[in-house]
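Letter by letter, the chains look like this.
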Amino acid sequence: MVIAAQAGRVPISGVTDTTAIQVGLTLEVRTIIGVNYRKGPVTTGLALSQLRAHIVADSLITSARLERRGNAAFIGTIRQTLLDSVGRVVQSYQSPIGVYVAMEPRLANLLPPPRLARGHYWLRYEVVTEREDLDPAVVLKAPAVRDSVQLVVP
């Protein structure tokens, strides 16, 4: 769906000869909104593979392949938890996600200062059909998918 709104004409200043020439802009703002509807029985799910994580400067960069299953969009949240070598939570992150086709979202999260100490860490990666910004009644439920990957800080 495309929604367009036109504003009034905006004159451009700086034109010295205004007797015969008029210069202006006509502004139009377009908003493009995806529209989905459900007809008949719908199912959704997610396949998670190829989880990768690495540290670049002060950020934890993650990506994974997410493939939608079923005939409806997977709407949910990616939850990431960074654990140290003894299992203590260093930091947690979450990001809303909508999976309509196979994708590999890249997430960059700032690490807590100071920089991570040398050692081994684990990243737990989970994608669930829960959203803080949406009514639970409109989110199609599916089993959570999880994976983890080890990080080494030299």
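Quick note: structure is the one above.
Position labels on residues start from 1 in each chain and follow its written sequence. This being a predicted model, a pLDDT of at least 70 is required before a residue's local features are given, and a value of 80 or more before pairs of side-chain atoms are given or counted; all residues contribute to the totals for chains, interfaces and linings. Working from all heavy atoms in the structure, the side-chain values ignore hydrogens and water.

Draft legend 1. Quick look at the sheet that holds strand 5 (residues 74-83). When DSSP locates at least two bridges between a pair of strands, those strands are taken to pair. Here a strand is any run of E in DSSP of at least two residues, a helix any run of H or I of at least four, and the numbering for each starts at the N terminus. Spatially, 6-5-8-9 is the arrangement adopted by the four strands of the open sheet, whose pairing is antiparallel. Edge positions in the sheet fall to strand 6 (89-99) and strand 9 (145-153), since each of these pairs with one other strand and no more. For this sheet, the mean inter-axis angle between neighbouring strands, taken without regard to orientation, is 15 degrees. Here 10 bridges tie strand 5 to strand 6, and the two strands are oriented antiparallel to one another. If you follow R79 over to strand 6, its bridge partner there is Q94. In this analysis an axis means a line fitted to C-alpha atoms, helices contributing only their contacting stretch, and an angle means the value between N-to-C directions, from 0 to 180 degrees.

Draft legend 2. Layout of the nonpolar core. Core analysis: the biggest nonpolar cluster contains 25 residues, and L46, L60, L66, I78, L82, Y125 and V127 have the highest contact counts within it. Two residues form a contact once any of their heavy atoms are found within 4.5 Å. Ignoring sequence-local partners within four residues, the contact set of L60 consists of A53, H54, I55, L82, Y93, L107, A108, N109, L111, L123 and L151. Only buried Ala, Val, Leu, Ile, Met, Phe, Trp, Tyr and Cys residues count toward a nonpolar core, and they belong to the same one when joined by side-chain atoms within 4.5 Å. The cut-offs for exposure are 20% and 50% of the maximum accessible area for each residue type, with area from a 1.4 Å probe on protein chains only; residues under the lower value are buried, those over the upper are exposed, and the others partly exposed.

Draft legend 3. Representation of the environment of T81 within the structure. Tracing the backbone shows T81 in strand 5. In sequence terms T81 and Y125 are 44 residues apart; their C-alpha atoms lie 6.7 Å from each other. The residues contacting T81, other than those within four sequence positions of it, are V89, Q91, S92, W122, L123 and R124.

Draft legend 4. Structural view of a nonpolar patch on the surface. Nonpolar side chains (Val, Leu, Ile, Met, Phe, Trp, Tyr) are joined into patches within 5 Å and like charges within 9 Å, using only residues with over 30% relative accessible area and no salt bridge. Here the Shrake-Rupley method, with its probe set to 1.4 Å, supplies the accessible areas, and only the displayed protein chains count as covering residues. Only one rule defines a salt bridge in this text: a Lys or Arg side-chain nitrogen within 4 Å of an Asp or Glu carboxyl oxygen. Together, M1, I3, I33 and V35 line one region of the surface with nonpolar side chains, adding up to about 370 Å² of accessible area. Topologically, V35 is positioned in the loop between strand 2 (24-32) and strand 3 (44-56). A relative accessible area of 53% means that V35 is categorised as exposed.

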